[in-house]
Amino acid sequence: MASHHSVFIHPGLPEETLTADVATASGGRLRPVSHGPVDYSADLVDAALELELSHDYEEDRGIPFDRYQAVVTVRDFGGDKDRERGEAERVFSRLADLQRY
């Protein structure tokens, strides 16, 4: 079982637009992270949201992860995978509704 749920994004937009859209979609306040692979993070009460503006994922099992520039990862603090998946799906749906990603 996955230890987190991720949403891969190809923004093609300025960083400021992407971070604002992810914050709105998640309902969290994104804060810059100074060290590590994560560029921004947000506390979503029961989960953490992490935004990486670039990543090293490659194609895996026919899924072209390498075609997406950014990745949003949701990690539930209590290990509740259903709640974590629901949060990731909510972020995905709200970003998809914007029709920019």
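Everything below is about the structure shown above.
For clarity, every value in this text was computed on a predicted model and none was experimentally measured.

S.K.: Would you mind showing me how to read the sheet that holds strand β4 (residues 47-52) here?
M.R.: Neighbouring strands of a sheet are bound in pairs by backbone hydrogen bonds; such pairs are parallel or else antiparallel. Spatial strand order, β1-β5-β4-β3-β2: 5 strands in an open sheet with antiparallel pairing. Strands at the two margins of the open sheet, each flanked by one partner only, are β1 (5-9) and β2 (31-32). On top of the sheet, helix α1 (residues 15-26) reaches β1, β3 (40-43), β4 and β5 (70-76); it is set at about 165° to β4, its chief contact.

S.K.: Whenever I open this one, the environment of Leu-18 confuses me. Can you help?
M.R.: Residue placement: Leu-18 occurs in helix α1. Under the relative-accessibility criterion, Leu-18 is labelled buried at 2%. It is 11 Å that separates the C-alpha atoms of Leu-18 and Val-72, two residues lying 54 residues apart in sequence.

S.K.: Please explain α1 as it appears in this structure.
M.R.: In an α-helix, one full turn covers 3.6 residues, which means residues spaced three or four apart are oriented alike. Between its first and last C-alpha, α1 extends 16 Å over 12 residues, near the 16 Å set by a 1.5 Å rise per residue. All of the buried residues in α1 are Leu-18, Thr-19, Asp-21, Val-22, Ala-23, Ala-25 and Ser-26. Phi turns positive one or two residues past the end of α1, at Gly-27, with a value near 80°.

Rules and cut-offs
- Residues numbered from 1 in each chain as written.
- Predicted model: local features only at pLDDT ≥ 70, side-chain atom pairs only at ≥ 80, totals over all residues.
- Heavy atoms only, no water.
- Pairing = 2+ DSSP bridges.
- Helix = DSSP H or I, 4+ residues; strand = E, 2+ residues; numbered from the N terminus.
- Contact = heavy atoms within 4.5 Å.
- Axes fitted to C-alpha atoms, helices over the stretch in contact; angles between N-to-C directions.
- Buried < 20%, exposed > 50% of the residue type's maximum accessible area, 1.4 Å probe, protein only.
- Expected span 1.5 Å × (residues − 1).

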